[in-house]
Amino acid sequence: MSKPNPFEVAQKQLDDCAKILNLDAGVHEFLRHPRREFHVSIPVRMDDGKIKVFQGFRVQYNDALGPCKGGIRYHPDETIDTVRALAAWMTWKTSLLGLPLGGGKGGVICNPKELSLGEQERLSRGYIDMIWQYIGPEKDVPAPDVYTTPQMMAWMMDEYSKLTGSNSFGCITGKPLCVGGSCGRSDATARGGMYTLREAAKELNIDLKKATVAIQGYGNAGSYAHTLAIDLFGSKVVAVSDSKGGVYNANGIDPDVAGRIKAETSTVANIPQSKKISNEELLELDVDILFAAALENVITKENAGSIKAKIIVELANGPTTPEADAILYRNGVHVIPDFLANAGGVTVSYFEMVQNIMRYCWSFDEVYQKLDERMTMAYHGVLGASKKYNINMRQAAYTVAVARVVEAMKMRGWI
Ligand code: GLU
């Protein structure tokens, strides 16, 4: 089964929204494409002395609301269309959260798991060498995403600072705390998702203390979701998975054990005293809450009808195809869509930028409280629109986000 092209998915979602909002045809067409994109070749001296050339991208989708904002992915299967889709979703995400930022995304085709630390550093610096003139606090502010880390953000910030002859902490977010990072950035994506889940559970009368949870994907978002579902709500996490497979244990899975096994064997599939399951099986488990925290296109028309979870929290970007969306909506599954559910990451990135500008540091509690306020407000904005127009939560999120971008473009005189 060939996977849908993520950019076509993003465009299709926008087309739906354009109908609901009765968007002007020209404005609609403008929003269907990125404003600007860069394709770069990055030569990297490998440890064996040879030069290897990596292909990279940066897409600046729309900056009507402010400088572009969005992560950089390192992935062997990265494509320009994936980056375009992710940049579009960032545009809707920052808008939905009311942040004074536009949307962008970057990517490099590589497998960081096969690169030494030195090669990772030279690649990260090389990427910035190719795009530094076009990014910066007033233009476009990158951040981490799939397979990129705070350490890489520190190298990138340092490279940008050297090239501009400054200490430009605000040029990138998701940095380590000691070089201008923010308290609460590491678990922000998962934590933000938890705040929206809390609100959804109230709406659906689900007691999260008694809820069972399955988590697909065990990177930054999935692993923190495991800890937080237990710490914040006392829910029982019965299944977890990563790219190599997963496990199920009806008695619950301890996040410390999962973290240790993942660190030792590079997969959670080796967690002892539990049943091995595939990623596909995990998605269809009889649980209350499903976290989709891996990659795009995992919930499709093939499996959507078999999903038993009452709430899906999309911590990944683009996990559900449009056909699957329609099936889930028909079956009464409450989907907290990606650019709402996972917006905690960019929201704390925005807080990081603000602190960098102020040269001031907020405490964990301050960050959590500000994040909670924004996520809760955004969730209820989307829920309200979904009820008002009788549309699903993703379509509702689109109406709120796109309308704000259109309004800004009008005010700026672009359209
Ligand atoms: N990569 C994250 C996302 O998809 C965070 C982006 C950011 O912090 O700018 O939302």
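Each remark here, short or long, concerns the structure printed above.
Residues numbered from 1 in each chain as written. Predicted model: local features only at pLDDT ≥ 70, side-chain atom pairs only at ≥ 80, totals over all residues. Heavy atoms only, no water.

**Details of the site of the ligand**
Consideration 1: Within the structure, the ligand sits among 14 residues, and Lys69, Lys93, Pro144, Asp145 and Ser349 are positioned closest to it.
Consideration 2: With respect to the ligand, the side chain of Lys93 contributes an N or O atom lying 2.6 Å from an oxygen atom.
Consideration 3: Taking Pro144, its main chain carries an N or O atom lying 2.9 Å from a nitrogen atom of the ligand.
Consideration 4: Within the complex, the protein chains bury 95% of what would otherwise be the 300 Å² of accessible surface of the ligand.
Consideration 5: Looking at side-chain class alone, the shell around the ligand contains four nonpolar, five polar and five charged residues. (Near = heavy atom within 4 Å. Polar contact = N/O pair within 3.5 Å; in protein donor to acceptor, adjacent residues only side chain to side chain. Areas by Shrake-Rupley, 256 points an atom, 1.4 Å probe, with all protein chains shown as cover. Nonpolar A, V, L, I, M, F, W, Y, C, P; charged D, E, K, R; others polar.)

**Considering helix α7 (residues 220–233)**
Consideration 1: If you check α7, its first and last C-alpha atoms are 19 Å apart, about what 14 residues at 1.5 Å a residue would give, namely 20 Å.
Consideration 2: At Thr227, α7 shows its largest kink, close to 25°.
Consideration 3: Every buried residue belonging to α7 is among Ala221, Gly222, Ala225, His226, Leu228, Ala229 and Phe233, and all of these are buried.
Consideration 4: Packing partners of the buried residues in α7 comprise α6 (188–204), β6 (212–216), β7 (236–242), α8 (255–265) and β10 (289–292).
Consideration 5: Gly234, located one to two residues past α7, shows a positive phi value of around 70°. (Helix = DSSP H or I, 4+ residues; strand = E, 2+ residues; numbered from the N terminus. Expected span 1.5 Å × (residues − 1). Bend = angle between axes of the 7 residues up to and from the residue. Buried < 20%, exposed > 50% of the residue type's maximum accessible area, 1.4 Å probe, protein only. Contact = heavy atoms within 4.5 Å.)

**A short note on the sheet that holds strand β4 (residues 103–109)**
Consideration 1: If you trace the five strands from one edge of the open sheet to the other, you get β1-β2-β4-β3-β5, paired in mixed fashion. The open sheet is flanked by β1 (36–45) and β5 (140–144), the only strands paired with a single partner. Within the sheet, the average angular offset between the axes of one strand and its neighbour, ignoring direction, is 25°.
Consideration 2: Pairing of strand β2 (residues 51–62) with β4, which is carried by six bridges, proceeds in the antiparallel orientation. From the neighbouring strand, Gly56 faces β4, where its bridge partner is Val108.
Consideration 3: Relative to β4, helix α3 (residues 80–96) is tilted by about 155°, and along the sheet it contacts β1, β2, β3 (68–75) and β4.
Consideration 4: Helix-sheet contacts for helix α4 (residues 117–131) involve β1, β2, β3 and β4, and the interaxial angle to β1 is about 140°. (Pairing = 2+ DSSP bridges. Axes fitted to C-alpha atoms, helices over the stretch in contact; angles between N-to-C directions.)

**Considerations on the nonpolar core**
Consideration 1: Residues Leu31, Trp92 and Phe291 are the most contacted members of the largest nonpolar core, which totals 92 residues.
Consideration 2: When residues no more than four places from it in sequence are discounted, the contact partners of Phe291 are Met194, Leu197, Val213, Ala214, Ile215, Gln216, Ala225, Val313 and Leu315.
Consideration 3: The next biggest cluster of nonpolar side chains, apart from the first, holds 23 residues, and it includes Val40, Ile42, Ile72 and Val108. (Core = buried A, V, L, I, M, F, W, Y, C linked by side-chain atoms within 4.5 Å.)

**Points about the packing of aromatic side chains**
Consideration 1: Scanning all chains against the criterion turns up seven aromatic pairs.
Consideration 2: Ring centres of Tyr61 and Trp92 lie 6.5 Å apart, and the angle between their planes is 70°; on these two criteria the pair is classed as edge-to-face. In this pair, Tyr61 sits in strand β2 while Trp92 sits in helix α3, placing the two residues 31 residues apart along the sequence. When sorted by exposure, Tyr61 lands in the same class as Trp92, which is buried.
Consideration 3: A centroid spacing of 5.0 Å and a plane angle of 90° characterise the contact between Phe339 and Tyr398, whose relative ring orientation is edge-to-face. Of this pair, Phe339 sits in helix α11 (residues 338–341) while Tyr398 sits in helix α14 (residues 393–412), and the two are 59 residues apart along the sequence.
Consideration 4: We classify Phe339 as buried; its relative accessible area is 0%.
Consideration 5: Three or more aromatic residues link up through ring pairs in this structure, and these residues are Tyr61, Trp92, Phe339 and Tyr398. (Phe/Tyr/Trp six-rings, centres within 6.5 Å; stacked < 30°, edge-to-face > 60°.)

**Side note on the environment of Ser266**
Consideration 1: With respect to the element layout, Ser266 can be found in the loop between α8 and β9 (275–277).
Consideration 2: A relative accessible area of 38% means that Ser266 is categorised as partly exposed.
Consideration 3: Ser266 sits 22 residues away from Lys244 along the chain, and the two C-alpha atoms are 8.7 Å apart.
Consideration 4: Excluding its chain neighbours within four sequence positions, the residues that come into contact with Ser266 are Asp242, Lys244 and Ile261.
Consideration 5: For Ser266, the side chain forms a polar contact with the side chain of Lys244, separated by 3.0 Å.

**Here's the deal with the environment of Asp288**
Consideration 1: With respect to the helices, strands and loops of the structure, Asp288 is situated in the loop between α9 (279–283) and β10.
Consideration 2: A residue is classified by how much of its surface remains accessible, and Asp288, at 15% relative accessible area, is buried.
Consideration 3: Residues Asp288 and Thr79 lie 209 residues apart in sequence; the distance between their C-alpha atoms is 34 Å.
Consideration 4: The residues contacting Asp288, other than those within four sequence positions of it, are Lys210, Ala211, Thr212, Ala309, Lys310 and Ile311.
Consideration 5: A polar contact of 2.8 Å, which involves the side chain of Asp288, links it to the backbone nitrogen of Thr212.

**Digging into the pattern of salt bridges**
A side chain with one charge can pair with a side chain of the opposite charge if their charged atoms come near.
Consideration 1: If you walk through the whole model with that rule in mind, you get 29 salt bridges.
Consideration 2: A salt bridge links Asp145 to Lys105; its shortest N-O distance comes to 2.7 Å. One end of the pair, Asp145, is in the loop between β5 and α5 (150–164); the other, Lys105, is in strand β4, with 40 residues separating them in the sequence. Pair check on accessibility: Asp145 and Lys105 agree, each one buried.
Consideration 3: Residue Glu199 is joined to Arg198 by a salt bridge in which the shortest nitrogen-to-oxygen separation is 2.8 Å.
Consideration 4: With relative accessibility at 5%, the residue Glu199 sits in the buried group.
Consideration 5: On the basis of relative accessible area, Arg198 is assigned to the partly exposed category, the value being 23%. (Salt bridge = Lys/Arg side-chain N within 4 Å of Asp/Glu carboxyl O.)

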